[in-house]
Amino acid sequence: MAAALSWTDEDAAPSGRDGDNDSNNNNNNNSSKYRQQSPYSSPSPPGDVIERSAEQNIVEFLPLSTSWTFWIDNSMPGTTVAEYESCLKKIYTVTTVQEFWSVYNNIPDVKFLSNRCSYHLMRGKRRPVWEDEFNCKGGHWRFKCSKNYTSTLWKELLLAAIGEQLNDSLAEGDEIGGVSCSIRGRDDILQVWNTQAQLVERSSLTKKIESMFPGVTFISVYYKAFATHEAFEGVKDTLGFA
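The name recorded for the protein in an unreviewed UniProt entry is Eukaryotic translation initiation factor 4E type 3-like isoform X1, from Octopus sinensis. Within the UniProt record for the protein, the comment given under Sequence similarities (unreviewed entry) is "Belongs to the eukaryotic initiation factor 4E family."

Structure, rendered in structure tokens:
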């Protein structure tokens, strides 16, 4: 089994089981001018300069509707929940648009992940584990795609998730719990997690995703409830499955 990448929350850097020279010169000239005006002290810049500087330094943080957490794993097929969780690492939790981009821009693009590695972005405190209390009654849509599209599709899927653009395609009472991107040998897999598998028949999520990427033909698309997986270690009859 390949070793998991050792990123941590503090690094803010980065599914398994199946300034220029002209600017510097201008600043030096301005400083020289201020010094010539008073040989004993550096006078304050004009009021309009201070005001403009203050405006430029104001950053408007755009909050997300909920917090989202980036995860990574590199588990192999057929592992138990305990084995899978030992390969699962939390990267960072984001609560604003700025935080999202800070993390996204500082972790490797999915195209650099090794085979069997997966990225996950999960809502709130959910873990990318089928048996998690927030996930066990749900399932996920799996979209298999060519590696030529993986990076673009993953980025757009992340933005759709944090922008809450996917929930309107679900039945009332259902919710998007997370999204994943799993790297495989020949083709890659995108996953969209929902919380209520019994409501999937009233969902139009597949059409929603296909409409988002009209130039992409997915190799395969299907939905599966977590409780129907042979490897699921939760209560099988939660959804009426024996």
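Draft legend 1. Molecular detail of the sheet that holds strand β4 (residues 139–145). Strand order in the open sheet made by the seven strands is β2-β1-β3-β5-β6-β4-β7, with antiparallel pairing throughout. Each edge of the open sheet is held by one strand with a lone partner, namely β2 (89–96) and β7 (220–225). With direction set aside, neighbouring strand axes in the sheet form an average angle of 15°. Where β4 and β7 come together, six bridges link them in antiparallel fashion. Residue pairing across strands places Lys144 opposite Ser220, the latter belonging to β7. In the packing of helix α5 (residues 150–162) onto the sheet, contacts are made with β1 (63–73), β3 (118–123), β4, β5 (176–182) and β6 (188–194), and the angle to β5 comes to roughly 170°. Sheet contacts for helix α6 (residues 205–212): β4, β6 and β7; angle to β4, the most-contacted strand, approximately 30°.

Draft legend 2. Structural view of the environment of Phe232. Within the secondary structure, Phe232 sits in the segment after β7. Residue class for Phe232 comes out buried when judged on its relative accessible area of 4%. The spatial distance from the C-alpha of Phe232 to the C-alpha of Val129 is 9.7 Å, given a sequence separation of 103 residues.

Draft legend 3. View of α5. Helix length check: α5 (13 residues) gives 18 Å between terminal C-alpha atoms against 18 Å at 1.5 Å per residue, within 8%. Along α5, the residues that are buried comprise Thr150, Ser151, Leu153, Trp154, Leu157, Leu158, Ala160, Ala161 and Ile162. Once α5 ends, the next one or two residues include Glu164, with phi positive near 55°.

Draft legend 4. View of the environment of Tyr104. As for its position among the elements, Tyr104 is in helix α4 (residues 97–104). In the structure, Tyr104 is positioned 51 residues away from Lys155 in sequence and 8.9 Å away in space, judged by C-alpha atoms. Apart from residues no more than four positions distant in its own chain, Tyr104 is found in contact with Asp109, Lys155 and Leu158.

Draft legend 5. Layout of the pattern of salt bridges. Scanning the entire structure with this criterion turns up seven salt bridges. For Glu175, the salt bridge is made with Arg123, and the minimal N-O distance between the two is 3.6 Å. One end of the pair, Glu175, is in the loop between α5 and β5; the other, Arg123, is in strand β3, and 52 residues separate them in sequence. Judged by its relative accessible area of 5%, Arg123 falls in the buried class.

Cut-offs and rules
Residues numbered from 1 in each chain as written. Predicted model: local features only at pLDDT ≥ 70, side-chain atom pairs only at ≥ 80, totals over all residues. Heavy atoms only, no water. UniProt positions renumbered as here; feature names shortened; annotations may be inferred. Pairing = 2+ DSSP bridges. Helix = DSSP H or I, 4+ residues; strand = E, 2+ residues; numbered from the N terminus. Axes fitted to C-alpha atoms, helices over the stretch in contact; angles between N-to-C directions. Contact = heavy atoms within 4.5 Å. Buried < 20%, exposed > 50% of the residue type's maximum accessible area, 1.4 Å probe, protein only. Expected span 1.5 Å × (residues − 1). Salt bridge = Lys/Arg side-chain N within 4 Å of Asp/Glu carboxyl O.

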